Amino acid sequence: MSPASTGASTAVGAVATVPSSASAPSGVSPADSDTRMTPGGPGYRRMSFALFLAGVATFALLYSTQALLPLISGEFGVAASEASWTVAAATGGLALFVLPMSALSERYGRRAVMTASLAVAVGVALLVPFAPSLGWLVVLRGVQGAALAGLPASATAYLAEEVRPRALITAIGLFVAGNSVGGMSGRVITGWVAQEWGWRVAVGVIGLIAVACAVAFRLLLPTPRHFTPGSLRPRVLARTVRDHLSNPLLCRLYAIGALFMTVFGGVYTVIGYRLTEEPFSLPQGIVGSIFLVYLVGTVSASTAGRLVGVLGRRGALYLAGGTTAMGLLFSLAESLPLVLLGLVLITAGFFAGHAVASSAVSKTATTGRAQASALYQSAYYIGSSAGSTVGAIAFHAGGWAGTVGVGVLAVLGVVTITVFGTRAARRQTVLATG
């Protein structure tokens with residue numbers, strides 16, 4: 001079908017076509033004619049490492065204040081629910097701007113938008129340590145989150161265009177693994193640095209690390225070979241978004257991403273307060289080191305492809321939700337080892353569920369992949385902002401049990417949506433065979 005009949009060449013969200021079996025040269029298999037990257041092939045390692053570093057920078061910056069909230073509360077004399085806005089503003093800014101930034105990536109290219117986003121974000125990061133008040137800190141964090149909005153959706157769209165389908169979930173898993181490493185290292189580093197020199201120096205150090213990641217990312221990421229520029233016409237963008245939101249499977253995946261992140265955002269926003277208070281009374285450096293459990297997320301995200309291969313997408317989501325719920329229950333204990341075990345299970349379940357859901361979005365959307373991914377990221381970070389705020393309010397009202405209650409409700413939402421999707425798939429199968 002010609003571009004004119006489909007609108008693919010001009011629509012926002014259009015993706016590059018790839019060679020098909022019909023266009024393969026005589027005697028050459030379709031797989032051999034596919035010039036997209038594959039594990040072990042040219043450029044794949046550079047691309048994987050570049051996007052891994054982008055993921056590290058994104059999460060390190062996005063959550064740079066999360067482990068420092070007790071110190072920020074102390075300096076500005078505010079409660080956890082107020083200090084949590086330094087996290088919620090960043091994730092909220094990302095949620096609001098991820099769709100417009102994805103549209104820019106359709107016009108100007110994935111690599112260009114990701115590079116510009118990182119440049120602005122690291123520039124703001126160098127200003128954050130000098131915020132004179134909580135209000136200014138929240139504003140700077142909001143700007144930083146908006147700048148980072150160019151990364152997530154553009155990265156997954158880049159992968160969908162430049163990587164062969166069989167390797168897509170593995171490639172996205174590596175990007176998500178970079179997120180987990182960034183989130184972990186940012187919190188661990190800020191914890192120990194803040195213990196010696198305060199939270200301002202700590203966020204400054206994260207800014208410098210992000211600068212190094214941004215420079216390496218730009219030098220390493222291969223030039224896109226399958227990107228086709230699209231239009232920035234608002235009507236086309238609105239039609240693409242409407243089409244995605246009318247797809248029941250995509251809407252279920254968006255809700256699942258938001259609910260998983262509600263759990264994660266709430267738990268990791270509040271855990272620092274719990275561990276610095278009785279009965280644990282841990283110092284800031286040790287509290288920051290708790291985030292080493294993110295390494296578990298690195299493993300679970302990077303192995304999500306194999307998990308789906310064994311259990312199927314819905315089976316993997318059930319397992320991720322069950323693991324997260326079990327972790328929440330373990331975290332209620334007054335024993336530090338059991339709390340740590342709970343955090344390990346929560347982290348493993350969250351990153352596995354996120355990798356499965358986000359890769360399913362990229363596979364489900366056949367056109368407008370950047371917008372499909374942007375809608376997922378928007379829902380995901382709305383969940384993060386909601387989790388950070390509601391989790392902190394619940395902690396203020398009912399202690400750690402209140403935060404866990406919010407998380408359990410979110411996990412029940414994930415399971416309910418997945419059950420609904422399972423039944424819908426069975427009905428479609430019956431209708432197709434009947």
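Owing to the predicted nature of the structure, the values given are computational and were not obtained by experimental measurement. (Residues numbered from 1 in each chain as written. Predicted model: local features only at pLDDT ≥ 70, side-chain atom pairs only at ≥ 80, totals over all residues. Heavy atoms only, no water.)

Q: Quick one: what's the story with unusual backbone geometry, residue by residue and with numbers?
A: Pro279 follows Glu278 through a cis peptide bond whose omega is 5 degrees. Here Pro279 lies in the loop between helix H13 (248-276) and helix H14 (284-289). Of note, Ser281 is a non-glycine position whose phi angle comes to about 50 degrees, a positive value. Its location among the elements puts Ser281 in the loop between H13 and H14. (Helix = DSSP H or I, 4+ residues; strand = E, 2+ residues; numbered from the N terminus.)

Q: How would you summarise the pattern of salt bridges if you had to cite specific residues and measurements?
A: The final tally for this structure, using the stated rule, is three salt bridges. The closest approach of N and O atoms between Arg110 and Glu161, which form a salt bridge, is 2.3 Å. With Arg110 in helix H7 (residues 110-125) and Glu161 in helix H9 (residues 152-162), this residue pair connects regions lying 51 residues apart in the sequence. Using a relative accessible area of 0% as the deciding quantity, one classes Arg110 as buried. Glu161 gets classed as buried once you look at its relative accessible area, which sits at 3%. Linking Glu334 and Arg274 is a salt bridge whose minimum nitrogen-to-oxygen distance equals 3.4 Å. (Salt bridge = Lys/Arg side-chain N within 4 Å of Asp/Glu carboxyl O. Buried < 20%, exposed > 50% of the residue type's maximum accessible area, 1.4 Å probe, protein only.)

Q: Break down a nonpolar patch on the surface for me, with residues and values.
A: A surface patch of nonpolar side chains, amounting to about 290 Å² of accessible area, comprises Trp136, Val139 and Val143. Trp136 sits in the exposed class, given a relative accessible area of 51%. (Patch = residues over 30% accessible without salt bridge, like charges linked within 9 Å, V, L, I, M, F, W, Y side chains within 5 Å. Areas by Shrake-Rupley, 256 points an atom, 1.4 Å probe, with all protein chains shown as cover.)

Q: Please set out the packing of aromatic side chains residue by residue, giving values where relevant.
A: In the structure shown here, the tally under the stated rule is ten aromatic pairs. Centroid distance Phe264 to Tyr268: 4.7 Å. Interplanar angle 55 degrees. Geometry classified as tilted. Highlighted residues: Phe264 and Tyr268, both in helix H13, separated by four residues, approximately one helical turn. Ring geometry for Tyr380 and Tyr381: centres 4.7 Å apart, planes at 85 degrees, overall edge-to-face. In this structure Tyr380 comes out as buried when scored by relative accessible area, which is 1%. For Tyr381, a relative accessible area of 2% translates into the label buried. Within the aromatic cluster, the residues linked to one another by ring pairs are Phe264, Tyr268, Phe350, Phe351, Tyr376, Tyr380 and Tyr381. The residue whose ring lies beneath Arg107 is Tyr108, and the NZ or CZ to ring-centre distance is 5.5 Å. (Phe/Tyr/Trp six-rings, centres within 6.5 Å; stacked < 30°, edge-to-face > 60°. Lys NZ or Arg CZ within 6 Å of the ring centre and 35° of its normal.)

Q: Run through the side chain of Thr403, naming residues and quoting values.
A: In this structure, Thr403 sits in helix H19 (residues 400-433). Residue Thr403 is classed as buried on the basis of its relative accessible area, which comes to 3%. If we ignore the near neighbours within four places in the chain, the residues touching Thr403 are Gly266, Val267, Val270, Gly391, Ala394 and Phe395. (Contact = heavy atoms within 4.5 Å.)

Q: Please provide a residue-by-residue account of helix H4 (residues 69-76), values included.
A: Leu69, Pro70, Ile72 and Ser73 are the residues of H4 that are buried. Along the axis of H4, the buried residues cluster in a sector spanning 165 degrees; they form a single face. Elements in contact with the buried residues of H4: helix H5 (80-83), helix H6 (85-108), helix H8 (134-148), helix H11 (199-220), H13 and H14. Positioned one or two residues after H4, Gly77 has a phi angle of 65 degrees, which is positive. (Arc of directions from axis to C-beta.)

Q: How would you summarise the packing of H6 against H7 if you had to cite specific residues and measurements?
A: The interhelical angle for the contact between H6 and H7, taken along N-to-C directions, is 130 degrees, at an axis separation of 7 Å. Overall, the two elements H6 and H7 adopt an arrangement that is oblique. Residue-level contacts link Met101, Ser102, Leu104, Ser105, Glu106 and Tyr108 of H6 to Arg110, Ala112, Val113 and Ser117 of H7. Classifying every residue of the contact of H6 with H7 by side-chain character gives five nonpolar, three polar and two charged. (Axes fitted to C-alpha atoms, helices over the stretch in contact; angles between N-to-C directions. Parallel < 35°, antiparallel > 145°, perpendicular 65-115°, else oblique. Nonpolar A, V, L, I, M, F, W, Y, C, P; charged D, E, K, R; others polar.)

Q: Provide a residue-level description of the side chain of Ser378, including the pertinent values.
A: Relative to the helices and strands, Ser378 is located in helix H18 (residues 369-398). The residues contacting Ser378, other than those within four sequence positions of it, are Ala95 and Val98.

Q: Mind laying out the environment of Thr323, listing which residues take part and the relevant values?
A: Summarising the element assignment, Thr323 is placed in helix H16 (residues 304-330). Once the C-alpha coordinates of Thr323 and Val344 are considered, the two residues, 21 residues apart in sequence, prove to be 9.5 Å apart. Once residues within four sequence positions are removed from consideration, Thr323 is found in contact with Leu345, Ile346 and Gly349.

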